[in-house]
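Close look at the chain arrangement
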Amino acid sequence: MREQRRKDAVWKFLTYSFILVMTVAMMVPLYWMIVAATLPQEEFIQFPPRLYPGTHFFENFAVLHAETEFVVSIWNSVFIAVVYTVLSVLLCSMAGFAFAKYEFRFKEPIFYLILATLVLPIQLLVIPLFLMMSQIGWMDTFRAIILPWLANPIGIFLMRQNMRSIPDALLESARMDGATEFQIFYRIALPAMRSSLAALAIILFLFQWDLFLYPLVILESSANYTIPVALSGLEESRRINYDQIMVASSLAIIPLAILFLVLQKQFVSGILAGSLKE
């Protein structure tokens, strides 16, 4: 027994040590990016590198905004990501509820066909979507960025798996009490899926926030640029201003960090709920 406890203690120590090392390895680039955002260009490229923050963050941001109107890009990204997340969560939850609780013809083939779209790379979809948006006159608009991705396969799968955990008897009793199908979905299914909805919201927000290639093709005017597209413009200039890139990158991760910190418990429980249900 004592030998087993010693082995368990050794394994626990090695496990936590590995986690600590990996955490430090992942946090060091993030810390360096934030420090670099506060340095002038000449101090950024010096060797050995400066490892403590400077005082030029606001100066770097002022130059960045003067050259790219980056505040507008931040607003565009926030608006697009929030609207997309709300609409996509609603659509995916409705689709997941339908696949989990209703019987209709070709239900399983349709569901697996939706999942099969996950293997399609975004590069394969850009050209047909570009042609479609140009034909209907949606080029350089936010709706062209939002609408094509609303039916997210991962979101439909996650909600379908979680919706299956709702007892059918509960839904039947609601129908017997005179509830409509929409009332059942809105008042019974959605409140029971709060953790899963939070997890799905984080996944969808991250997807839209980081989307780059498709907005780069669709958006034409700088007034409609999102953060990834605006960042690509900084790297394409004749002289790469790393201080501005670091400021923009630091600002880009703030909404993601806030979203995850606020919803981290719901995210973990929502993901686990989807993995434990049959």
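First things first, this report covers the structure right here in the doc. (Residues numbered from 1 in each chain as written. Predicted model: local features only at pLDDT ≥ 70, side-chain atom pairs only at ≥ 80, totals over all residues. Heavy atoms only, no water.)

**With respect to the packing of aromatic side chains**
In this structure the tally under the stated criterion is 13 aromatic pairs. Across from the ring centre of Phe111, 4.2 Å away, lies the NZ or CZ of Arg160, which sits over that ring. (Phe/Tyr/Trp six-rings, centres within 6.5 Å; stacked < 30°, edge-to-face > 60°. Lys NZ or Arg CZ within 6 Å of the ring centre and 35° of its normal.)

**Digging into unusual backbone geometry**
One non-glycine residue, Phe106, adopts positive backbone phi at about 65°. Here Phe106 is to be found in the loop between α4 (70-101) and α5 (107-116). Judged by relative accessible area, which is 52%, Phe106 ranks as exposed. With a phi angle near 60°, Asp140 is a residue other than glycine that sits in the positive phi range. Mapping Asp140 onto the fold places it in the loop between α6 (122-135) and α7 (142-146). (Helix = DSSP H or I, 4+ residues; strand = E, 2+ residues; numbered from the N terminus. Buried < 20%, exposed > 50% of the residue type's maximum accessible area, 1.4 Å probe, protein only.)

**Comments concerning the packing of α5 against helix α8 (residues 153-163)**
Viewed as axis vectors pointing N to C, α5 and α8 meet at an angle of 135°, and their least axial separation amounts to 8 Å. As the angle between them shows, α5 and α8 are arranged oblique. Facing α5, whose interface residues are Glu108, Phe111, Ile114 and Leu115, α8 presents Pro153, Ile156, Phe157 and Arg160. For the contact of α5 with α8, the per-class residue count stands at 6 nonpolar, no polar and 2 charged. (Axes fitted to C-alpha atoms, helices over the stretch in contact; angles between N-to-C directions. Parallel < 35°, antiparallel > 145°, perpendicular 65-115°, else oblique. Contact = heavy atoms within 4.5 Å. Nonpolar A, V, L, I, M, F, W, Y, C, P; charged D, E, K, R; others polar.)

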